[in-house]
Amino acid sequence: MTASLEQPLTSTPTEGVEALVSLLRGRRVVVLTGAGCSTESGIPDYRGPGTRARARNPIQHREFLTRPEVRARYWARSLLGWPRFSAARPNAAHEALATLEREGHVLGLITQNVDRLHHAAGSQRVIELHGALARVRCLDCEAVESRAELQERLLALNPGFTEHSAELRPDGDSELSLEAVRAFQVAPCTRCGGTLKPDVVFFGDNVPPPTVEAAFSLLEQGDALLVVGSSLAIYSGFRFLQRAADRHLPVGLVNIGECRGAELVDVRVEARAGEVLPRLVEALVSA
């Protein structure tokens, strides 16, 4: 790695894209994506420029497991947030990454996102570090239910609840007052009556070891790492930048705002992923 915090990596977005093309051309690229890849699809993030100024407290794993009122608050918010979250569609960044994979420039994706938009765009090799909100799992019997099916059950248990207004949150739930949650009825598992949890890794939980191993295995097959839309603030993503640095892999970054480990990045483009990645397609696929 040749970059440093003191040394500007690019002077303009155009020069940055050109440098990124040079870095990635002819290499088998592994891509790590974060929330910034999906903000242009209308899904907010926790650490982007537009959200840092406002306090956003993500759901905590231990609290969800141990406190019924926390579970009720989550599912009440989720009932309101799910329709907008599930209606999100892939943006130009997702489409570009799917094209780059299809054309043989990208080996596969490691994503911190839980929105399944990479799948919707046509990406084939996707490792979901934090799971997917489209699934719900019983903590007691491990039965899996689709989130869409659960939505219907929650609506039936809580008629009229959708009259509450709410703001979408990054977890696919929404902002909602405590008063609105008090009478909310939580749906149990249809198989055993147990406790349901979205099949995602909440803050304070660990990514399952097999998932981490699969992601590292993918990275080992690559010649370069491209980070898209992630500040790498949490270790679940940052460790892949560390591994790339240990292997002396070229690293490109497309993100707006601060990034942990920026000194390990070779080319940094501070621009929206939906602007940069289609230009990568144009340069690499058309070449």
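One can find the structure itself at the top, above this paragraph.
Description of the structure in this document. The model shown is predicted, which means the values in this text are computed figures rather than measured ones. (Residues numbered from 1 in each chain as written. Predicted model: local features only at pLDDT ≥ 70, side-chain atom pairs only at ≥ 80, totals over all residues. Heavy atoms only, no water.)

## Let's talk about the overall build of the chain
Heads up, the rule is: Helix and strand labels come from DSSP, where a helix needs a run of H or I of at least four residues and a strand needs a run of E of at least two; each type is numbered from the N terminus. Only protein chains enter the area calculation, which uses a 1.4 Å probe; residues under 20% of their type maximum are buried, those over 50% are exposed, and those in between are partly exposed. Calculation of accessible area relied on Shrake-Rupley with a 1.4 Å probe; when residues are assessed, cover is drawn exclusively from the protein chains displayed.
Within the chain, the secondary structure is distributed over 10 helices and 11 strands. Out of the 287 residues in the chain, the part that is buried amounts to 53%. Counting only carbon and sulfur atoms, one obtains 48% of the accessible surface of the chain, whose full area is about 13,000 Å².

## A closer look at the packing of helix 3 (residues 68-87) against helix 6 (residues 147-157)
Spelled out, the test is: Axis definition: a line fit to C-alpha positions, over the contact stretch in the case of helices; interaxial angles, taken between N-to-C directions, run 0 to 180 degrees. With the far helix as reference, a near helix turned anticlockwise by less than a right angle produces a left-handed crossing, and one turned clockwise produces a right-handed crossing. It only takes one pair of heavy atoms within 4.5 Å for two residues to be counted as in contact. Three classes are used, and their members are as follows: Ala, Val, Leu, Ile, Met, Phe, Trp, Tyr, Cys and Pro are nonpolar, Asp, Glu, Lys and Arg are charged, and the others, Gly among them, are polar.
Interaxial distance between helix 3 and helix 6 falls to 10 Å at its minimum, and their mutual angle equals 120°. Crossing angle aside, the handedness with which helix 3 passes helix 6 is left-handed. Contacts between helix 3 and helix 6 involve Trp75, Ser78, Leu79, Trp82 and Pro83 from the former and Arg147, Ala148, Leu150, Gln151, Leu154 and Leu155 from the latter. Its residues assigned to classes, the contact of helix 3 with helix 6 comprises eight nonpolar, two polar and one charged.

## Some points on the packing of helix 4 (residues 92-102) against helix 10 (residues 273-285)
Applicable threshold: Orientation categories follow fixed angle ranges, with anything under 35 degrees roughly parallel, anything over 145 roughly antiparallel, 65 to 115 roughly perpendicular, and all other angles oblique.
Between helix 4 and helix 10, the least distance of the axes is 7 Å, while the angle of their chain directions is 25°. Our classification of the angle between helix 4 and helix 10 gives roughly parallel. Between helix 4 and helix 10 the crossing geometry is left-handed. Two secondary-structure elements touch here, helix 4 through Ala92, Ala93, Ala96, Leu97, Thr99 and Leu100 and helix 10 through Ala273, Gly274, Leu277, Pro278, Leu280, Val281, Leu284 and Val285. Its residues assigned to classes, the contact of helix 4 with helix 10 shows 12 nonpolar, two polar and no charged.

## A look at the layout of surface pockets
Let me state the cut-off plainly: Within this scheme a cavity is a closed region of a 1 Å grid, computed over the protein atoms alone, that accommodates a 1.4 Å probe without allowing it to escape, whereas a pocket is open but has protein on both sides within 12 Å along at least five of seven lines; lining residues each have an atom within 4 Å of a point. Grid points are joined across faces, edges and corners, and a volume is the space filled by probe spheres set on the points.
Reported here for the second largest pocket is a volume of approximately 300 Å³. Along its surface, the second largest pocket is lined by 19 residues, and Arg137, Lys197, Asp199, Val200 and Pro208 are the ones closest to its centre. Of all the secondary-structure elements, those providing two or more residues to the lining of the second largest pocket are strand 4 (131-138) and strand 8 (196-200). In the lining of the second largest pocket, the residues fall into seven nonpolar, five polar and seven charged.

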